[in-house]
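Fold and contact review
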Amino acid sequence: MPERIGVYVCWCGGNIADVVNVKEVAKHAAGVPEVVVAKDIMFACSDEGQKTMVDDIKNLKLDGIVVASCSPVLHEQTFRRVAERAGLNKYLYVQVNIREQDSWVHAHDKKGATEKAEELVGMGIEKLARATPLNPIKVELTSKVLVVGGGVSGLTTALELAREGIHVTLVDRDRYLGGFVRRLPDVNPVHRPGKDVIADLYSRVVSTGNVEILSGTDLLEVSGSIGHFRARFKERSGHIRHDADRELLSRAERECPVEVDNEENFGFTRRKAIVLPDDRVPETPYIDMEHCIKCGVCQRLFGEGVSFDASDIEFEEEFSMVVQSTGFQPYLPGRGEFGYGETRRVLTLPEFLRLADTSGKTLVFNGRQVRDVAFVYCVGSRQTETGGPNTYCSRYCCTSTLNTDSYIKKKFGSSINSFHFYRDIRAYGLYETMYERASREKGLFIRYDPASPPSVTAEGERVKLVTKDSLTAGRDIEVSADLVVLVTGMMPSEDGKKLSAALKVSSSKDGFVQELHPKLRPVETTVGGVLVGGTAQGPKDTHESMISGAAAAAKASTLLMKGYTELEPYVVTVSEQKCNGCTQCVTECPAGAISMVEMEGRQVASVNVAMCKGCGACAAICEPEALQLIGYTYPQLRAMVSFSPQPLGAQSK
Amino acid sequence: MPTENPRILVFAGSMAYLGADNAGLLHKEYPSNSFVVKVPCTTMLRPGLILYALRHGFDGVFVASSGPDCPYLPDCVERTAKRVESAYDLLKKNGIEPERIQLAGICSVCSDAFANNVKQLHSRLKKLEPMRRDGLLVSQ
Ligand SMILES: Cc1cc2nc3c(=O)[nH]c(=O)nc-3n(C[C@H](O)[C@H](O)[C@H](O)COP(=O)(O)OP(=O)(O)OC[C@H]3O[C@@H](n4cnc5c(N)ncnc54)[C@H](O)[C@@H]3O)c2cc1C
């Protein structure tokens, strides 16, 4: 246990030193008998700061260091490497947080903040003085990754991983890949149909030969930890051969007597019970058994190729890492929200795009030509004022609406009039030029105040919108339109939330997957070995989703190339001498990591370190304190909490 | 005699610790006489440890569990609540006011909740007599 300790108090420029008197803190620490050296450093994380520590460890033969600086979330790894470089066990270092949990929250109490820093450093020294050298737990990683979700982000992750020679299983519950982009008629800013973008991406993925694609497959269960994630799948049968002859398929589709609303197009078109891929990927047809009446028309054409009672296939596989790219789902307005559900002439933007895409040369709704379209922005986003749950901005929507406006004018002619009821336009980056163009192209922009949003009421075959235009002295403005389009925001997908729950991945307040750090660790989650890509992490456009998906691949491959990962050695140990064989810990352990073993004629607890998650639940209920969580032992915690705030030098002697 | 500036010990689970960091990021101020000790998960807290802290210099203990977001235990809240209940009993047995313990679930972005809980406990402790710092050793 360390007896020659070095203490380093960081200024963090002015971030800490403007509030905390770092020189005093260092001086105070120097009074502790075990402390050999205590210094204040301008930036502990800088090259120079690190060198000071390395030199001290070597020259003064330090056997442990305390660094008082920012949150360990940021630089724990940095300072561990410092210790390692100097030949010290990297767990003989303790980080004390005097920035996030001190200087930044007590800016108006400099004296209190300085005293607090002194005490926190004191506690850190107490902890270190009872620490032992540790070795991380090594876990082998095989080159197998599970990517959940085959939207643009998941496809990109799969492609980038496969290019590195890593084997990928890409699972999507949908029978066709591409997520939401597949249904976009005109993807901004490339201005191509989404299904083309997806088909390109898909063929590149397939050509790597390294990706197993499981579309139309449910991920029933997933459990485990880095290196050993077990997933159970259910591949839903399509009831018809994948490679069925195209011409015969078209005939079967023509002859199939069942017709239902096509969900791909929100019911603006109809489809048969036998469904053809229609430019979607993978190019496999299926029979929708929910609606099929088993009339036998297709069976007569395909014989054995059609099987109504083919069963789904369940199977299990193991992976070393998981990428969650489960995407988003569009916000669905409540009944009566801007007239939605009350008049059919109020649509959401996703619905409107399908209507526009499936219309011929003229835009027709309910048998009438559409001339005037009113867009209402920020529906289901930025609900701070309305008390709704979604307080965030969905990012994609302003630009997508401007793009939609120019797309319909391109497709149906400029006779279409558009009205934009907006709160703010966030056409960030180069998209600002689109806003400029839309304003020039006689689109009318009316700025509404969230306190008095536009009212929407049906008026025969038209819809009336009334609002106060906050840019023209708050006068009431009335617009009559053929269609109202609600520009709905993005929400985390329900299936995605279920996956996060199964993997124990934390979500942010908004329900999206929480990244470990927005800048420093943007694709890592709170669970080791689980990465996140695309809109599962938060609203993004296609381009941003692909960047994020590629980043997740890069992060995964750095680990996989090494072939192993190291886990924190913070697991529970047993003192067999103290164990009284009560077996309570066995039941308390949530991971099933404890069992009873025979030792010198009696039963004692034994912990499987590969399974122990390090929660310490067992240790808390162990009567004789035979179980200790390494890194957080009760002797350590007691020493920390009984550390006296009195001047240290005097107290410890 | 009320306590002038109560000393608060915070046991923070890993998500709650991030919540405290988040309060820092957003500069949410709270009393400086409060000290966070990080634990992976608050279910590891022995009731005796809480009593020990009160006997050795703290006027109150805030158990900041990671709540439903706990990466270790889905039922972290229930289990932590059990620990805290036993701690209440232990305190009562030792003639110490149970309101010296505060329990809350703090998520990784719950900056306001973190700061408010510290403030709340601080003002509640102010109304109590100061803890006697007799340093009595307790079992466990
Ligand atoms: C109306 C509208 C217009 C848009 N216009 C544009 C535009 O013009 N330009 C642009 O750049 N962006 C646009 N976007 C944004 C674009 O759609 C998204 O950025 C993109 O779809 C995000 O891709 P993703 O892979 O993250 O998620 P998604 O596209 O949502 O894909 C997620 C996939 O995961 C699958 N999945 C989810 N959960 C599970 C599970 N548990 N198991 C198995 N599979 C699962 C889903 O089936 C889906 O296929 C628009 C969005 C909307 C709503």
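Presented here is a report on the structure given in the accompanying data block. (Residues numbered from 1 in each chain as written. Chains lettered and ligands numbered in written order. Predicted model: local features only at pLDDT ≥ 70, side-chain atom pairs only at ≥ 80, totals over all residues. Heavy atoms only, no water.)

1. A short note on the pairing of strand E27 (residues 483–488) of chain A
Residue and element names in this part refer to chain A. The element E27 is largely enclosed, with a buried count of six among its six residues. Here E27 shows two buried faces, one formed by Leu-483, Val-485 and Val-487 and the other by Val-484, Leu-486 and Thr-488. Strand direction decides the pairing type here: strand E18 (residues 346–348) and E27, joined by three bridges, are parallel. Residue pairing across strands places Thr-348 opposite Leu-486, the latter belonging to E27. Sheet topology note: the strand E21 (residues 372–379)/E27 ladder contains five bridges and is parallel. Residue pairing across strands places Val-373 opposite Leu-483, the latter belonging to E27. (Buried < 20%, exposed > 50% of the residue type's maximum accessible area, 1.4 Å probe, protein only. Helix = DSSP H or I, 4+ residues; strand = E, 2+ residues; numbered from the N terminus. Pairing = 2+ DSSP bridges.)

2. Description of the sheet that holds strand E22 (residues 417–422) of chain A
All names here are of chain A. Strand order in the open sheet made by the five strands is E18-E27-E21-E22-E23, with parallel pairing throughout. The sheet is open, and its two edges are formed by E18 and strand E23 (444–447), each paired on a single side. If you compare each strand with its neighbour and ignore which way they point, the axes differ by 25 degrees on average. Against the sheet, helix H11 (residues 397–412) contacts E21, E22, E23 and E27, and its axis sits at roughly 170 degrees relative to E21. (Axes fitted to C-alpha atoms, helices over the stretch in contact; angles between N-to-C directions. Contact = heavy atoms within 4.5 Å.)

3. Comments concerning the nonpolar core
Among the nonpolar cores identified, the biggest contains 95 residues, and A:Val7, A:Met53, A:Met123, A:Ile125, B:Leu9 and B:Phe11 are the most heavily contacted of them. The residues contacting A:Val7, other than those within four sequence positions of it, are A:Ala29, A:Val35, A:Val37, A:Ala38, A:Lys39, A:Val66, A:Val121 and A:Ile125. In this structure, A:Cys398, A:Ile416, A:Val487 and A:Ala553 belong to the second largest nonpolar core, which totals 83 residues. (Core = buried A, V, L, I, M, F, W, Y, C linked by side-chain atoms within 4.5 Å.)

4. Some points on the site of the ligand
All names here are of chain A. Taken together, the neighbourhood of the ligand is formed by 35 residues, with Asp-172, Phe-180, Thr-535, Lys-540 and Thr-542 sitting nearest. Here Asp-172 contributes a side-chain N or O atom positioned 2.6 Å from an oxygen atom of the ligand. Within the contact set of the ligand, an oxygen atom lies 2.8 Å away from a backbone nitrogen or oxygen of Lys-540. Across the complex, the protein chains shield 96% of the 1,000 Å² of accessible surface that the ligand would expose by itself. Within the residue set of the shell around the ligand, elements represented by two or more residues are helix H6 (152–163), strand E7 (167–172), helix H10 (349–358), H11 and helix H14 (542–562). At three residues, the largest contribution of residues to the shell around the ligand is made by H10. The residue makeup of the shell around the ligand, split by class, is 13 nonpolar, 15 polar and seven charged. Residues lining the shell around the ligand come from more than one domain, with at least three contributed by each of domain 2 (144–179 + 194–223 + 314–327 + 511–564) and domain 4 (329–491). (Near = heavy atom within 4 Å. Polar contact = N/O pair within 3.5 Å; in protein donor to acceptor, adjacent residues only side chain to side chain. Areas by Shrake-Rupley, 256 points an atom, 1.4 Å probe, with all protein chains shown as cover. Nonpolar A, V, L, I, M, F, W, Y, C, P; charged D, E, K, R; others polar. Domains from an automatic or database assignment.)

5. Focus: the sheet that holds strand E1 (residues 8–12) of chain B
All names here are of chain B. Spatially, four strands are ordered E2-E1-E3-E4 in an open sheet, and the strand pairing comes out parallel. Two strands lie at the open edges of the sheet, namely strand E2 (34–38) and strand E4 (101–105), each paired on one side alone. The average angle at which neighbouring strand axes cross in this sheet is 20 degrees, direction not considered. Sheet analysis places E1 next to strand E3 (residues 60–65), joined by five bridges and oriented parallel. Bridging from a neighbouring strand, Ala-12 pairs with Ala-64 of E3. Along the sheet, helix H3 (residues 76–93) contacts E3 and E4; its crossing angle with E4, the most-contacted strand, is approximately 175 degrees.

6. Some remarks on the interface of chain B and chain A
Opposite the 44 residues of chain B that make contact, chain A presents 47 residues. For the pair chain B and chain A, the summed buried area comes to about 4,000 Å², and 59% of that belongs to carbon and sulfur atoms. By the criterion of area lost to chain A, the three top residues of chain B are B:Ser32, B:Met44 and B:Arg46, representing 17% of everything that side buries. At the surface where chain B touches chain A, the tally comes to four salt bridges. As a salt-bridge pair, B:Arg7 and A:Glu119 come within 2.5 Å of each other at their nearest N and O atoms. Along the contact surface separating chain B from chain A lie 20 residue pairs in polar contact (both at pLDDT 80 or more). When contributions to the side of chain B that touches chain A are tallied by element, the ones reaching two or more residues are E1, helix H1 (14–25), E2, helix H2 (47–55) and H3 of chain B. Here the element with the most residues in the side of chain B that touches chain A is H1(B); it accounts for eight residues. Its residues assigned to classes, the side of chain B that touches chain A shows 27 nonpolar, eight polar and nine charged. (Buried area = accessible area lost by both parts, 1.4 Å probe. Salt bridge = Lys/Arg side-chain N within 4 Å of Asp/Glu carboxyl O.)

7. Comments concerning the pattern of salt bridges
Residues and elements named next belong to chain A. All told, the structure shown has 55 salt bridges over all chains when counted by the stated rule. Close ionic contact of Asp-56 with Lys-39 constitutes a salt bridge, the shortest N to O distance being 2.8 Å. Of this pair, Asp-56 sits in helix H2 (residues 47–59) while Lys-39 sits in strand E2 (residues 35–41), and the two are 17 residues apart along the sequence. Judged by relative accessible area, Asp-56 falls into the buried class, the value being 8%. Judged by its relative accessible area of 28%, Lys-39 is partly exposed. Several salt bridges share partner residues, and in doing so they unite Asp-174, Arg-182, Glu-264 and Arg-280 into one network.

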